Amino acid sequence: MDFLDLPPLLGARGTLRLPGSKSISNRSLLLAALAEGETVIRDLLDSDDVDRMLEALAALGVECAREADGTCRVRGVAGPFPVKQADLFLGNAGTAFRPLTAALALSGGEYRLSGVARMHERPIGDLVDGLLEIGADIEYLGNEGYPPLAIHPGQAAGALVRVRGDVSSQFLTALLMALPLSGRETVIEVVGELISRPYVAITLDLMARFGVEVAREGWRRFTIPAGARYMSPGELFVEGDASSASYFLAAGAMGGGPVRVEGVGRHSIQGDVRFAEALAQLGACIDMGDNWIEASAPEGGRLKAFDLDLNHIPDAAMTLAVAALFADGPCRLRNIASWRVKETDRLAAMAIELRKVGATVEEGADYLYIVPPARLRPAAIDTYDDHRMAMCFSLVTLGDCRVRINDPKCVNKTFPEYFRVFASIAQPVPVIAIDGPSASGKGTVAARVAAELGWHYLDSGALYRLVALAAIGEDVSFDDETEVEALARELPVRFEHARILLGDEDVTDRIREEDCSIGASRVAVLPSVRAALFDRQRDFRRAPGLVAEGRDMGSVVFVDAAYKFFLTASVEARAQRRHKQLMDKGIAATLHDLRNDLQSRDERDAARVVAPLRQLADAVLVETTSMTVEEAVSFVLENVRARQAREVG
């Protein structure tokens, strides 16, 4: 499975332009297709869901010309679709599947509609029942009440259609957009509570732009006038996606900010702009203009605990579930039953993944109760082929916690560039990676640089020495990869200031003895051992920063390190340093043996298949043969501070 590793963040700030709204994009395409005249749609979303709609419209005889700048020219067919037989695959695009079902039911042809496996698990029975009331002829090809569907020519009958409103607002949207094709006055009555009303409001607004005004009596009764016909407005601009804005606004609220999103503002027709209001209730600082929204953290830095009815913003509400991890107490998200019939069962999926990062979660039929942990823990997040799961959980990194996103390409459904855009506002915890051969002085230099900056320190070589020591203690051969890997995974290691503990034993000096040094070099070439220690090393990356030293810190473990150095010295100088260290500890050794050992170790480290020792092209060389420790430390610090100054400037 593909995955994407995201580093822990210090915060988030910046400005970004949102991609077009999926809801507006697919509604606009369908209305333009059914209208008389040509419609130029600007800022159309580039995503899988929109691609499925465009493919379907082309198969149905609609001319759609998409241009590189996000413009799409649609030549409408002025009524029902001219192609009367088609087999359409619509992926997992609910905003294409539901409206097309209704429009095709009134187009007088033979059509088959199918999608991915998950689409065949998403209910459509309430929409089909409503269409049957007015004379449509629709057949289930699989399970009753679910896609795939066969649509046959029907006969118009009845001027009243009833549809449930408590499962998905897309059922009502589909009927509203399709019924003008009948040419008759038709009344839609909503049975039960209508969820996600803002999405219906988007539909009504767009229909009005195409010349069809729907009379509404509250949210219970809608009347489509007789003789209604769609007429092209000529040009239409797609707003930025307000649901996608939620991730970045939340990042500003949780990560300091300010983060500004452009393309949506106070006059938006999308209900999810009210996510900003929800953030304000949590204490976030929100500012808004005609075409932008900006969010910053509360004055106290931490969001307030909340208990909110989120029926009106079901998609953006998912972002609040992750925001609950950053609240000052338990949080409850209510009236979100519609999550269960989305791209996945989002209630169940969200509960499972929140628990992975340490939250205590109670999952109800239509609610989540979330108790944030004292500290977030790293996790591999499963995304269930659901774009919003992937985007939501990227925000966990603002809790000084790394996250792995499995199947990150699922964001292609609505926001293919999401992770690149998120990185543009993210401020990763900085890493100074110092690599080099044994006895080059990198450990001493790294420790002093960390102390000077007040950052965390990682002696990666100590981990391998600890594994070697554990193997010696358990009488396990260094070549027994299976047993050594098991020791590495369960290694009870702690770093306390200058002390290194294995369990409760201080082994700071013991692991520097030659048998551990030799053992460390031998176990470090074992791929499964390196894999076992890989995540453990990355967990040392915490605010305000990390100085990590070893053989592959910049090349493998922290490839995104902001500052990379390669410390080296001649074999003679390194042998003399090692000899002095051993003599100071009362350990006998000869320069000749140490020199030969270092040369052999250099050759092994450079030749190993897994993460060989090498100077990276982007690493600054620090030749310490004639340098004192103080000079090497100053060199590294001056280089880091100079680059920091340039970045700020």
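For clarity, every value in this text was computed on a predicted model and none was experimentally measured.

### Section: helix α6 (residues 197–209)
Compared with an ideal rise of 1.5 Å per residue, which puts 13 residues at 18 Å, α6 spans 19 Å between its outermost C-alpha atoms and is within 8% of the ideal. Count one or two residues on from α6 and you reach Gly-211, which has phi positive near 90°.

### Things to note about the sheet that holds strand β5 (residues 72–75)
One open sheet accounts for four strands, arranged β4-β5-β3-β14; its pairing is mixed. Two strands bound the open sheet, and with one partner strand each, they are β4 (63–66) and β14 (235–237). Looking at each pair of strands side by side, their axes are set apart by 20° on average, direction ignored. Pairing between strand β3 (residues 38–42) and β14: three bridges, direction parallel. Bridge assignment links Val-40 to a residue of β14, and that residue is Glu-235. The strands that helix α2 (residues 48–59) touches are β4 and β5; relative to β4, the one it contacts most, it runs at about 140°.

### Topic: the nonpolar core
One broad rule of soluble globular proteins: the nonpolar side chains tend to lie buried together. Core analysis: the largest hydrophobic core is formed by 79 residues, its most contacted members being Phe-248, Leu-320, Trp-339, Met-350 and Phe-393. Sorting elements by how many residues they give to this core places helix α7 (residues 242–254) first, with nine residues. Each residue touching Phe-248, except ones within four places of it in the same chain, is listed here: Leu-16, Leu-18, Val-259, Val-261, Phe-415, Tyr-418, Val-421, Phe-422 and Ile-425. Membership of the second largest hydrophobic core comes to 77 residues, among which are Leu-60, Val-74, Ala-136 and Ile-138.

### With respect to the domain arrangement of the protein chain
Here the domain parsing of the protein chain yields domain 1 (3–18 + 247–427), domain 2 (22–237), domain 3 (429–455 + 544–648) and domain 4 (462–531). Computed over C-alpha atoms only, the centres of domain 3 and domain 4 are separated by 20 Å. Contact residues are listed per partner, giving twelve residues for domain 3 and twelve residues for domain 4. Summed over both partners, the interface of domain 3 with domain 4 buries about 930 Å², with 48% contributed by carbon and sulfur atoms. Close ionic contact of Asp-552 with Arg-530 constitutes a salt bridge, the shortest N to O distance being 2.2 Å. For the pair domain 3 and domain 4, the interface holds one residue pair in polar contact (both at pLDDT 80 or more). The element best represented in the side of domain 3 that touches domain 4 is helix α20 (residues 591–607), accounting for four residues. Along the lines of polarity and charge, the residues of the side of domain 3 that touches domain 4 split into four nonpolar, no polar and eight charged.

### Some remarks on the side chain of Arg-402
Along the chain, Arg-402 falls in the loop between α11 (387–393) and β23 (403–406). A polar atom in the side chain of Arg-402 sits 2.5 Å from the side chain of Asp-539. When sequence neighbours within four positions are dropped, the list of residues in contact with Arg-402 reads Leu-6, Pro-7, Pro-8, Pro-378, Ala-379, Asp-535, Arg-538 and Asp-539.

### Quick word on the pairing of strand β21 (residues 367–371)
Bridging between strand β19 (residues 331–334) and β21 involves four bridges; their strand directions are antiparallel. Across the sheet, the residue bridging to Arg-332 is Tyr-369, located in β21. The pairing of strand β20 (residues 360–363) with β21 spans four bridges and is antiparallel. Counted as the bridge partner of Val-361 is Ile-370 from β21. Two successive antiparallel strands, β20 and β21, enclose a turn made up of three residues.

### Section: the sheet that holds strand β22 (residues 379–381)
The mixed open sheet is built from three strands, whose spatial order is β1-β23-β22. Each of the sheet's edge strands pairs with one partner strand only, and the pair in question is β1 (3–6) and β22. Strand-to-strand twist in this sheet, taken as the mean axis angle between neighbours without regard to direction, amounts to 20°. As judged from the four bridges shared by β1 and β23, these two strands associate in the antiparallel manner. Residue pairing in the sheet places Leu-6 in a bridge with Val-403 of β23.

### Some thoughts on helix α15 (residues 481–489)
Of all the residues in α15, the buried ones are Val-484, Leu-487 and Ala-488. Burial along α15 is one-sided: seen end-on, the buried residues are contained in an arc of 100°. The secondary structure elements touched by the buried residues of α15 are α14 (460–473), α16 (514–523) and α17 (527–538).

### Some words on the UniProt feature "active site" (unreviewed entry) in the protein chain
UniProt marks Asp-315 with the feature "active site" (unreviewed entry), using the numbering shown here. Contacts of Asp-315, omitting those with residues within four sequence positions, involve Tyr-199, Ser-243, Asp-272, Lys-342, Arg-346 and Arg-388. Polar side-chain contacts of Asp-315 include one of 3.2 Å to the side chain of Tyr-199.

### A short note on the environment of Pro-8
Mapped onto the elements of the fold, Pro-8 is located in the loop between β1 and β2 (9–17). With 389 residues separating them in the primary sequence, Pro-8 and Thr-397 have C-alpha atoms 4.6 Å apart. Setting aside anything within four residues of it in sequence, one finds Pro-8 in contact with Thr-397, Asp-400, Cys-401, Arg-402, Pro-428, Val-429 and Arg-541.

### Comments concerning the pairing of strand β8 (residues 137–140)
The two faces of a sheet get side chains in turn, since along a regular strand they alternate between them. Here β8 shows one buried face, formed by Ile-138 and Tyr-140, and one open face, formed by Asp-137 and Glu-139. Both β8 and strand β9 (residues 149–152) contribute to a ladder of four bridges, which runs antiparallel. Bridge pairing links Glu-139 to Ala-150 in β9.

### Describing the environment of Ser-440
Mapped onto the elements, Ser-440 comes out in the loop between β25 (431–435) and α13 (442–453). Measuring from C-alpha to C-alpha, the distance between Ser-440 and Arg-574 comes to 5.9 Å, with 134 residues separating the pair along the chain. Look past the residues within four positions of Ser-440 in its chain and what remains in contact with it is Leu-567, Thr-568, Ala-569, Arg-574, Arg-577 and Thr-624. Polar side-chain contacts of Ser-440 include one of 2.9 Å to the backbone oxygen of Pro-437.

### Details of the pattern of salt bridges
Pairs may arise between side chains of opposite charge once their charged atoms sit close together. Enumeration over the complete set of coordinates arrives at 55 salt bridges. Salt-bridge contacts for Glu-63 lead to Arg-75; the nearest nitrogen and oxygen are separated by 3.7 Å. Note that Glu-63 is positioned in strand β4 and Arg-75 in strand β5, a separation of twelve residues in sequence. Using a relative accessible area of 53% as the deciding quantity, one classes Glu-63 as exposed.

### Let's talk about the packing of helix α4 (residues 125–133) against helix α5 (residues 169–178)
Running from amino to carboxyl end, α4 crosses α5 at an angle of 30°, the nearest separation of the two axes being 9 Å. As summarised for this structure, α4 and α5 are arranged roughly parallel, according to the angle between their axes. Seen from above, α4 lies across α5 with right-handed handedness. In this structure, α4 contributes Asp-126, Leu-127 and Leu-131 to the contact, and α5 contributes Phe-171, Ala-174 and Leu-175. Here the contact of α4 with α5 is built from residues that sort into five nonpolar, no polar and one charged.

What counts as what
Residues numbered from 1 in each chain as written. Predicted model: local features only at pLDDT ≥ 70, side-chain atom pairs only at ≥ 80, totals over all residues. Heavy atoms only, no water. Helix = DSSP H or I, 4+ residues; strand = E, 2+ residues; numbered from the N terminus. Expected span 1.5 Å × (residues − 1). Pairing = 2+ DSSP bridges. Axes fitted to C-alpha atoms, helices over the stretch in contact; angles between N-to-C directions. Contact = heavy atoms within 4.5 Å. Core = buried A, V, L, I, M, F, W, Y, C linked by side-chain atoms within 4.5 Å. Buried < 20%, exposed > 50% of the residue type's maximum accessible area, 1.4 Å probe, protein only. Domains from an automatic or database assignment. Buried area = accessible area lost by both parts, 1.4 Å probe. Salt bridge = Lys/Arg side-chain N within 4 Å of Asp/Glu carboxyl O. Polar contact = N/O pair within 3.5 Å; in protein donor to acceptor, adjacent residues only side chain to side chain. Nonpolar A, V, L, I, M, F, W, Y, C, P; charged D, E, K, R; others polar. Arc of directions from axis to C-beta. UniProt positions renumbered as here; feature names shortened; annotations may be inferred. Parallel < 35°, antiparallel > 145°, perpendicular 65-115°, else oblique. Left-handed = near helix turned anticlockwise from the far one by under 90°.

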